[in-house]
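# Observations on the three-dimensional arrangement
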Amino acid sequence: MKATAKAPANIAFIKYWGKKDEKLRLPLNNSISMNLDRIFSLTTVEFLPEFTEDKVEMIGEKIEDKEACRIKEHLDRIRGLTGIKFKARVVSKNNFPKGTGIASSASGFAALSLAATKAAGLDLTEKDLSILARLGSGSACRSIPDGFVEWIKGHSNETSFAYSLYPPSYWKIADVVAIVTKTEKKVPSSEGHSRAESSPFLKVRIMSMEKKVRAVKKALEGRDFTRLGVIIEEDALSLHTVMMTSRPPILYWLPKTMEIILAVQQWRQEGLESYFTIDAGPTVHLLCLSDNKDKVTQKLKKLGGIEDIIINEPAKGTHLINKHLF
Ligand code: DP6
């Protein structure tokens, strides 16, 4: 059987950084995110007896050997779950251009997990699908459920998974993504996670995580945007402090990244409320209430020197679609 899945990328309000088990991708802390409706991956998978090897293709992109290996390992996991022996053909497409500094592993592994299990004849629960996606890429487990999501760190393979806190319609928040370069990042996030231990600041960060997770959940519950935004920025800065103080240090920011951070603070003083967050790269995500998304976009455009802007609203999680890629 052939199956195709669509999976959103997600932006973490509280970030995952550092693993207590590398192989199982068990994180050091819970994290919270929102699925993005304008940044997604589509993946079609088919297992057939006549295939002699797994064939992996990305439409419009060259796929690195390392990436192809990671995808084949994931197919092996799925073969292990189902007992299917056949090799697979995988065709995938991101709706955002490669090299924009937007991570594709979350949406990529979420889409692959659903498409491949379905193609292999397996109907996993949302929880089990989230666990499977996590084994491919940690943040991918958060792209499985709908809308606003929490990933429970857990203490074993079965206890570390994500679930939906609220559906996408719960709160009209926008994530205005400012892409500041088309050059790919030099340190992949998997490498960054393993360097986290070398930062003397990691202990301090981890100590504050439970409190921050509780505070974000409270802010979501009360739809308190100011409270939410303040913690989101605090967590992004704490994450980048760990990155910058790792050995060797990881410096993802570019001058434009800093320029946007300072501008956002200025806009707030002028009455336009938005808050920044940054993942493993120089791209800045500006969170605001949807009513303000056009104003934020206009302000960003005025700054100049930004390669691309993508305006997102909350999205549902990973789901099957009927249109196959081959
Ligand atoms: C900074 O999920 O890409 O975006 O598990 O090694 O694939 P692996 O890492 P990945 O890490 C994402 C890190 C982050 C923060 C976050 O999304 O929570």
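Computed from a predicted model, the values in this text were never measured in an experiment.

### Some remarks on the site of the ligand
- Contacts to the ligand come from 17 residues, most closely from Tyr16, Ser137, Gly138, Ser139 and Ser190.
- Contact distances for the ligand include 2.9 Å between an oxygen atom and a side-chain N or O atom of Lys19.
- Between Arg142 and the ligand, the recorded distance is 2.8 Å, taken from a side-chain N or O atom to an oxygen atom.
- When the ligand is considered free in solution it has 460 Å² of accessible area, and contact with the protein chains removes 96% of it.
- At three residues, helix α4 (residues 189-195) tops the list of elements feeding residues into the shell around the ligand.
- Of the residues assigned to the shell around the ligand, the class counts are four nonpolar, seven polar and six charged.

### Some remarks on the side chain of Ser246
- Take Ser246: it is sitting in the loop between α6 (225-244) and α7 (255-269).
- Accessibility expressed as a relative area gives 3% for Ser246, which makes it buried.
- Of the polar contacts made by the side chain of Ser246, one reaches the backbone oxygen of Val242; its length is 2.8 Å.

### Quick word on the pairing of strand β9 (residues 173-179)
- The element β9 is largely enclosed, with a buried count of seven among its seven residues.
- Residues Ile173, Asp175, Val177 and Ile179 line one face of β9 and the alternating positions Ala174, Val176 and Ala178 line the opposite face, and both faces are buried.
- With six bridges connecting them, β9 and strand β11 (residues 284-289) associate as antiparallel partners. Directly across from Val176, in β11, lies its bridge partner Leu286.
- Relative to strand β12 (residues 308-312), β9 is paired through five bridges, and the arrangement is antiparallel. Bridge pairing in β12 links Ile179 to Asp308.

### Regarding helix α5 (residues 202-221)
- In this model, α5 (20 residues) spans 28 Å end to end at C-alpha, consistent with the 28 Å of a helix rising 1.5 Å per residue.
- A maximum bend of about 40° is found in α5 at Met209.
- When we look at burial in α5, the residues that qualify are Leu202, Arg205, Met209, Lys212, Val213, Ala215, Val216, Ala219 and Leu220.
- At its buried positions, α5 is contacted by β1 (2-14), β4 (31-48), β7 (148-152), β8 (161-166) and α6.
- Just downstream of α5, Arg223 is the residue with a positive phi angle, here 45°.

### Examining the nonpolar core
- Phe13, Phe148, Leu220 and Leu228 are the most contacted members of the largest nonpolar core, which totals 30 residues.
- Every element with two or more residues in this core is listed here: β1, β4, β9, α5 and α6.
- Among the elements that take part in this core, α5 stands out by supplying six residues, more than any other.
- With sequence-adjacent residues up to four places away left out, Leu228 is seen in contact with Phe13, Trp171, Ile173, Val216, Ala219 and Leu220.

### Digging into helix α1 (residues 65-82)
- Its 18 residues give α1 an end-to-end C-alpha distance of 26 Å, which sits within 8% of 26 Å, the value for a rise of 1.5 Å per residue.
- Residues Ala68, Ile71, His74, Leu75, Ile78 and Arg79 constitute the buried set of α1. Projected down its long axis, α1 carries its buried residues within an arc of 150°, all on one side. Exposed residues lying more than 90 degrees from the buried face of α1 are Asp65, Lys66 and Gly80.
- On the buried face of α1, the contacting elements are β4, β5 (55-58), β6 (87-94), α2 (105-119) and α3 (126-136).
- Residue Gly83 follows α1 closely and has a positive phi angle near 85°.

### Considering the pairing of β11
- Burial of β11 is extensive: five of the six residues sit out of reach of the surface.
- Sheet topology places strand β10 (residues 275-278) next to β11; four bridges connect them, and they run antiparallel. In the strand pairing of β11, Ile278 is matched with Val284.
- Between the antiparallel neighbours β10 and β11 lie five residues.

### Considerations on the sheet that holds β10
- Taken in spatial order, the four strands make up an open sheet running β10-β11-β9-β12, and their pairing is antiparallel. Each edge of the sheet is formed by a strand with only one pairing partner; in this case those strands are β10 and β12. Pairwise comparison of adjacent strand axes, ignoring direction, gives a mean angle of 25° for this sheet.
- Contacting β9, β10 and β11, α7 crosses the sheet at an angle of about 160° to β10.
- Packing of helix α8 (residues 293-303) onto the sheet brings it into contact with β9, β11 and β12, and relative to β9 it is tilted by some 15°.

### Looking at the packing of aromatic side chains
- Counted under the stated rule, the structure contains five aromatic pairs.
- Judged by centre distance (6.1 Å) and plane angle (85°), the ring pair of Trp171 and Phe225 falls under edge-to-face. With a gap of 54 residues between them, Trp171 in the loop between β8 and β9 and Phe225 in helix α6 connect regions that are remote in the sequence. Per residue, the accessibility class of Trp171 equals that of Phe225, and both read buried.
- For the pair Phe225 and Tyr275, a centre-to-centre distance of 5.6 Å together with 65° between the ring planes defines the contact as edge-to-face. Within this pair, whereas Phe225 is found in helix α6, its partner Tyr275 is found in strand β10, the two being separated by 50 residues in sequence.
- For Lys6, the ring lying beneath its charged end belongs to Phe40, and the centroid distance is 4.2 Å.
- One Lys or Arg, Arg89, reaches over the ring of Phe326 and ends 4.2 Å from the middle of that ring.

Thresholds, definitions, all that
- Sequence order sets the numbering: in each chain, residues are counted from 1 along the sequence as written.
- Per-residue local features are limited, in this predicted model, to residues with pLDDT of at least 70; the limit for side-chain atom pairs, both in listing and counting, is 80 or more; totals at the level of whole chains, interfaces and linings are taken over all residues.
- Remark: hydrogens and water are excluded; side-chain values derive from all non-hydrogen atoms of the structure.
- Neighbouring residues are identified by heavy atoms, a residue being near a molecule or strand if any of them is within 4 Å of it.
- We call two N or O atoms a polar contact when they sit within 3.5 Å, provided that within protein one can donate a hydrogen and the other can accept it, with sequence-adjacent residues counted only if both atoms are side-chain atoms.
- In this description, accessible areas are obtained by the Shrake-Rupley approach with a 1.4 Å probe, and a residue is regarded as covered only by the protein chains that are shown.
- Helix numbering and strand numbering both begin at the N terminus, where a helix is a DSSP run of H or I of at least 4 residues and a strand a DSSP run of E of at least 2.
- Note on residue classes: Ala, Val, Leu, Ile, Met, Phe, Trp, Tyr, Cys and Pro are nonpolar, Asp, Glu, Lys and Arg are charged, and everything else, Gly too, is polar.
- Residue exposure (1.4 Å probe, protein chains only): buried if accessible area is under 20% of the type maximum, exposed if over 50%, otherwise partly exposed.
- Two strands pair under a simple rule: DSSP has to find at least two bridges between them.
- The span expected for a helix works out to 1.5 Å for each residue beyond the first.
- The angle separating two fitted axes, one through the seven residues that finish at a residue and one through the seven that start at it, defines the bend at that residue.
- A contact between two residues is defined here by any heavy atoms of the two lying within 4.5 Å.
- Throughout, nonpolar core names a set of buried Ala, Val, Leu, Ile, Met, Phe, Trp, Tyr and Cys residues whose side chains join them through atoms within 4.5 Å.
- This arc is taken over the directions from the axis of the helix to the C-beta atoms.
- For helices, the fitted axis covers only the stretch in contact; all axes are lines through C-alpha atoms, and the angles between them, taken along N-to-C directions, range from 0 to 180 degrees.
- Each aromatic pair joins two rings of Phe, Tyr and Trp (for Trp, the six-membered one) with centres within 6.5 Å, and gets the label stacked for planes under 30 degrees apart, edge-to-face for over 60, and tilted for any other angle.
- Charges are assigned to positions over rings by a cutoff of 6 Å between ring centre and Lys NZ or Arg CZ, combined with an angular limit of 35 degrees from the ring normal.

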